Amino acid sequence: PVNRFCAASNNRTGFLCDDKVTCVPASQVCNTVSNCRSGEDEQEELCGDLPRSLPGHLVFRCSNPAYWVYADQRCNGVNDCGDCSDET
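The following refers to the structure shown. Nothing here was measured: the structure is a model prediction, and the numbers come from that model. (Residues numbered from 1 in each chain as written. Predicted model: local features only at pLDDT ≥ 70, side-chain atom pairs only at ≥ 80, totals over all residues. Heavy atoms only, no water.)

### Comments concerning the packing of aromatic side chains
As a reminder, the rule being used: Note on aromatic contacts: the rings of Phe and Tyr and the six-membered ring of Trp form a pair at centre separations within 6.5 Å, being stacked when their planes are under 30 degrees apart, edge-to-face when over 60 apart, and tilted otherwise. Only protein chains enter the accessibility calculation, which uses a 1.4 Å probe; a residue is then buried when its area is under 20% of its type maximum, exposed when over 50%, and partly exposed in between.
This model, assessed by the stated rule, comprises one aromatic pair. When the centroid spacing of 5.0 Å and the interplanar angle of 70° are considered together, the rings of Trp 68 and Tyr 70 count as edge-to-face. When its relative accessible area of 24% is taken as the criterion, Trp 68 is described as partly exposed. By relative accessible area, Tyr 70 is classed as buried at 11%.

### Focus on the state of the cysteines
To keep things clear, this is the line we draw: Note on terminology: pairs of cysteine sulfur atoms within 2.5 Å are recorded as disulfides. The helix count covers DSSP runs of H or I at least four residues long, the strand count covers runs of E at least two residues long, and both are numbered beginning at the N terminus.
Evaluation of the coordinates by the stated rule reveals four disulfides. Linked covalently through their sulfurs, Cys 6 and Cys 23 form a disulfide whose S-S length is 1.9 Å. What sets the handedness of the Cys 6 and Cys 23 disulfide is the S-S torsion sign, and at about 90° it is right-handed. One end of the pair, Cys 6, is in strand β1 (residues 5-7); the other, Cys 23, is in strand β3 (residues 23-25), with 17 residues separating them in the sequence. Between the sulfur of Cys 62 and that of Cys 81 lies a disulfide, 1.9 Å long from S to S. Taking the torsion about the sulfur-sulfur bond, which here is approximately -75°, the covalent link between Cys 62 and Cys 81 counts as left-handed. Linking Cys 62 in the loop between β4 (59-61) and β5 (68-70) with Cys 81 in the segment after β5, this pair joins segments that are 19 residues apart in sequence. Each member of the pair, Cys 62 as well as Cys 81, is classed as buried. Sequence-ordered numbering of the bonded cysteines in the protein chain yields a pairing of 1-3, 2-5, 4-6, 7-8. You can see Cys 75 has no disulfide; the closest cysteine sulfur is in Cys 81, sitting 10 Å from it. Between Cys 84, a free cysteine, and Cys 81, which holds the nearest cysteine sulfur, the sulfur-to-sulfur gap is 8.8 Å. The class for Cys 84 is partly exposed, based on a relative accessible area of 36%.

### Notes on the side chain of Asp 72
Convention followed: The charge count treats Lys and Arg as positive and Asp and Glu as negative. His and the chain ends do not count. We define a salt bridge as a contact between a side-chain nitrogen of Lys or Arg and a carboxyl oxygen of Asp or Glu at a distance within 4 Å. Polar contacts here mean pairs of N or O atoms no more than 3.5 Å apart (in protein, one a potential hydrogen donor and the other a potential acceptor; neighbouring residues in sequence count only if both atoms are side-chain atoms).
Position of Asp 72 relative to the elements: it lies in the segment after β5. Within the buried set, Asp 72 has no salt-bridge partner at all; the shortest N-O distance to an opposite charge, 6.3 Å, is to Arg 12. Among the polar contacts made by the side chain of Asp 72, one reaches the side chain of Ser 27 at a distance of 2.8 Å.

### Remarks on the environment of Leu 54
Keep this limit in mind: Here, residues are in contact when the closest pair of their heavy atoms is within 4.5 Å.
With respect to the element layout, Leu 54 can be found in the loop between α1 (44-47) and β4. Judged by relative accessible area, Leu 54 falls into the buried class, the value being 6%. Linking Leu 54 and Ala 26, residues 28 residues apart in sequence, is a C-alpha distance of 9.8 Å. With residues near it in sequence (within four places) discarded, Leu 54 still touches Val 29, Cys 30, Leu 46, Val 59, Trp 68 and Tyr 70.

Here is the structure:
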């Protein structure tokens, strides 16, 4: 598999598009909006079974295993997990 890790704005974890230039912030992957020129950030193989279908670097698992957030939502000052585990 292609290494899709990149650092988006503010050093946030991102997804590297096929053009090897565009870095989409993790939370904008699989959001029904194509941010990559060829739409690879919205492909079925990537978005078909969230979060399992996502590369591991895009996912942060909350303390409660039933919940997850995109990696760029960790330490952003917002309690996305509901138990603050993404902010500790």
